[in-house]
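# Examination of the molecular architecture
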Amino acid sequence: MTLIFNLGLMASVMAVIALGIRTCFRRMPKVYTYILWIFVFVRAVLPVSYSSAFSLWTLFQKAPAQAETANLSIQTADTAFLPYFQTSAPQNLPQTVPQETPDAIAKASFDLTKTAAAVWALGLFVMLFYSLSLLLKLRRTIRFSVLEQECSKTCGFSVYESDQIKTAFILGFFRPSVYLPSGLSASQKHLILEHETSHIRHHDHQIKIAAWLILSLHWFQPLLWISFYFLDKDMELSCDEQVLKNLGTQVRTDYSSLLLKLAAQENFPAGIPLSFCRGGSKTRIKNVVRYRPQKAFSAALTVLLIAVTLYGCMGSPKENLSAPDAKALQTEADFNETQTKASSAAESEELAFAKKFVSAIAEASTNIIADDIYEMLSSELKAEANSLTCSLDIRRLDTGHYMTSYGPFIPGEPVITEESDGIFHYEMKPVNSNPESYRWHGSEDTVWKGTLLVKQNADGGFQIAGWNNIVTDAITRRTKCLEQFQNSVLQIIAESIPSLDEWKQEWQTLKWAYPNDDAEKAFYDAFGDPCAYLENSLTLSGGEVTDVKTDETTQDKQITYTFQDGSVIFHMQHRTADNIWVPYALSDGGYAQK
């Protein structure tokens, strides 16, 4: 409500200026004042604009010494009037005023805002409903109109004739049509269609509807009603002038007679359509009689006046700061920019180092040699790689370092994502559909992924302080799942799941990979939710969990995991000792093949 109210006030001030220009320069071609009215409505819905020292709204700014309670962003046009509608601070009120509690004041303000919003919404609804009802009535009136073939071909748009209307008008937004009353002569049709063609060429039918919708938002602003009246009037006057400019002043008599003959005798909806005799027949006839082509010098001065007016009204004022404040803000901005650049540079260097390491892994998997990988490890990981009990994915031999990660041959382009605190995740898929690994022959579902911990060393470079590398063969089909898992296999898996204490001890060694999570959360992420267990621990992918049911007696969960070719049901069993779910059976019957 504050935004709409402030924008409406700004548009109202601009409307006063436009009305003053129109009054002072009566002989000015009405196309220029028509442009001013268009921008009045643009101002009413434009929340932001450019900053200018010559902005009109600079006059409404408070001085810096008095602006401590303003709290407005002068870069946004909607706040230019904000200081004039803020209440004074409680300490500045007279002591005779009864003091209210902050809660009571907030409640009263909230109730007032809700009431204002309800009234505004009701007014908006009434205006739109009124226009729509009159438009439907007009549609019923012209439903038996006849297409004028010859005029339609000449003009390039549809022209209809009807004996139910008494004046010509345009109807339509994207595909406008012209409706003419029956009984017009060929010369009269020519004059009307010249006028309506000018409307369509200037998109007046769309501008008027847009202005009406904006007026509906600001129905409580009287100056915007006046602006809409003059927008409609100057729109028609400018088209009259365009007709005289195109056909010559010798058609004045015929055109004036036509305006008098077709004076509007019915009430059209305010926003639609564009009626030929809108704008006041008397005023339009006088304007036609007085029309003279504008000279070049006069036109240049008029354009300059309109441009200066629009520049001052459409811009927002620049911030008015004292020298110390401006200097402080500039210093703070420079500091923030320096910090941002330094942070971005460090992040990009970490990411570049992670990409370099992953590229080395991919290259080493195809030729086995991993000396360059070893050089990027931290001293702790290098010592581990050189030990006989190495658990990393490279090993030291007499002839150098070699990959032992059993990654697939011919890996594809790695995808690297950053988590936080120097942790990066990577994932690669082989470029062929039948990859091979050191341990097994892979498939098109083979996925090579891992986690890196990148840290900066003492000399300013980067090193790998943690590395977890794994190759998985994802289960993406029902038949593949049934081949890999049996009930006995799932029972063994269930029995092998450690207790919560054992799980914590095991994951303490790899806690670097979960800097923001403790071992307990990692445990429950994998096993606390049976759906998550299926996805994470059994490497199911390519499908979704479509149903989860719980046996009220045994508290067993029955999960339906649907692949693209069918469904598989895993039976999950609740282990009360740890409050987790584990799989213990697999059913493979009763599924319809897709």
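Residues numbered from 1 in each chain as written. Predicted model: local features only at pLDDT ≥ 70, side-chain atom pairs only at ≥ 80, totals over all residues. Heavy atoms only, no water.

### Observations concerning the packing of aromatic side chains
By convention here, two paired aromatic rings are described through the distance between centres and the angle between planes. Under the defined criterion, the tally for this structure stands at 14 aromatic pairs. Relative to F129, the ring of F125 has its centre 5.9 Å away and its plane inclined at 20°; by these criteria the two rings are stacked. On the criterion of helical spacing, the pair formed by F125 and F129 is a turn pair, its members being four residues apart in helix α3 (residues 102-141). An angle of 85° between the planes, with centres 4.8 Å apart, marks the rings of F173 and F174 as edge-to-face. If you follow K382 out to its NZ or CZ, it ends over the ring of Y374, 5.6 Å from the centre. (Phe/Tyr/Trp six-rings, centres within 6.5 Å; stacked < 30°, edge-to-face > 60°. Helix = DSSP H or I, 4+ residues; strand = E, 2+ residues; numbered from the N terminus. Lys NZ or Arg CZ within 6 Å of the ring centre and 35° of its normal.)

### Topic: the nonpolar core
Looking at soluble globular proteins, one finds that nonpolar side chains tend to be buried together. The biggest cluster of nonpolar side chains holds 53 residues, and the ones touching the most others in it are V40, V178 and L180. Taken together, the elements giving at least two residues each to this core come down to α1 (2-24), α2 (30-43), β5 (177-181), α5 (186-201), α6 (204-217), α7 (222-247), α8 (252-261) and α10 (296-314). Setting aside chain neighbours within four positions, we find L180 in contact with V159, Y160, E161, S162, I165, A168, K189, I192 and L193. Core analysis: the second largest hydrophobic core is formed by 30 residues, L377, A385, V454 and W467 among them. (Core = buried A, V, L, I, M, F, W, Y, C linked by side-chain atoms within 4.5 Å. Buried < 20%, exposed > 50% of the residue type's maximum accessible area, 1.4 Å probe, protein only. Contact = heavy atoms within 4.5 Å.)

### Some details on a nonpolar patch on the surface
Among the surface-exposed residues, L122, F125, V126 and F129 lie close enough to one another that they form a single nonpolar patch of about 440 Å² accessible area. Residue F129 is classed as exposed on the basis of its relative accessible area of 51%. (Patch = residues over 30% accessible without salt bridge, like charges linked within 9 Å, V, L, I, M, F, W, Y side chains within 5 Å. Areas by Shrake-Rupley, 256 points an atom, 1.4 Å probe, with all protein chains shown as cover. Salt bridge = Lys/Arg side-chain N within 4 Å of Asp/Glu carboxyl O.)

### Quick word on the sheet that holds strand β13 (residues 462-473)
Here four strands make up an open sheet; going across it, the order is β10-β11-β12-β13 and the pairing antiparallel. If you trace the sheet from one side to the other, it starts and ends with β10 (415-418) and β13, each paired once. Within this sheet the neighbouring strands show an average axis-to-axis angle of 20°, counted without direction. When β10 meets strand β11 (residues 423-428), the two strands line up antiparallel, connected through four bridges. Residue E418 lies in a different strand from β11, and its bridge partner there is F424. (Pairing = 2+ DSSP bridges. Axes fitted to C-alpha atoms, helices over the stretch in contact; angles between N-to-C directions.)

### A closer look at the pairing of β13
Looking at chain direction, strand β12 (residues 446-456) and β13 are connected through eleven bridges and run antiparallel. Among the inter-strand pairings, L452 is bridged to a residue of β13, identified as W467. Taken together, β12 and the strand that follows it, β13, pair antiparallel across an intervening segment of five residues, in which G460 is found at a positive phi of about 95°.

### A short note on the environment of Y402
With respect to the element layout, Y402 can be found in strand β9 (residues 400-403). C-alpha separation for the pair Y402 and Y374, spaced 28 residues apart in sequence, amounts to 9.2 Å. Non-local contacts of Y402, meaning those with residues more than four positions away in its chain, are made with I368, I369, A370, D393, I394, R395 and L397.

### Things to note about the side chain of N469
Of note, N469 is situated in strand β13. Under the relative-accessibility criterion, N469 is labelled buried at 10%. Among the polar contacts made by the side chain of N469, one reaches the side chain of Y426 at a distance of 2.5 Å. (Polar contact = N/O pair within 3.5 Å; in protein donor to acceptor, adjacent residues only side chain to side chain.)

### Examining helix α18 (residues 530-537)
Each α-helix turn comprises 3.6 residues. Residues three or four places apart therefore point the same way. Taken residue by residue, α18 has P530, C531, A532, Y533 and L534 as its buried positions. Looking one or two residues beyond α18, the residue adopting positive phi is T539, at roughly 55°.

### Quick notes on the packing of α2 against α7
Between α2 and α7, whose axes approach to 8 Å, the crossing angle comes to 145°. The chirality of how α2 crosses α7 is left-handed. Along its contact with α2, which presents K30, V31, T33, Y34, W37, I38, V40 and F41, the element α7 presents L224, S227, F228, F230, L231, D234, M235, L237, S238 and E241. Here the contact of α2 with α7 is built from residues that sort into twelve nonpolar, three polar and three charged. (Left-handed = near helix turned anticlockwise from the far one by under 90°. Nonpolar A, V, L, I, M, F, W, Y, C, P; charged D, E, K, R; others polar.)

### A few points about the environment of A360
Checked against the element boundaries, A360 lands in helix α11 (residues 323-367). Sequence separation of A360 and A370 is ten residues, and the distance between their C-alpha atoms is 7.7 Å. Setting aside its immediate chain neighbours within four residues, A360 contacts D372, I373 and M376.

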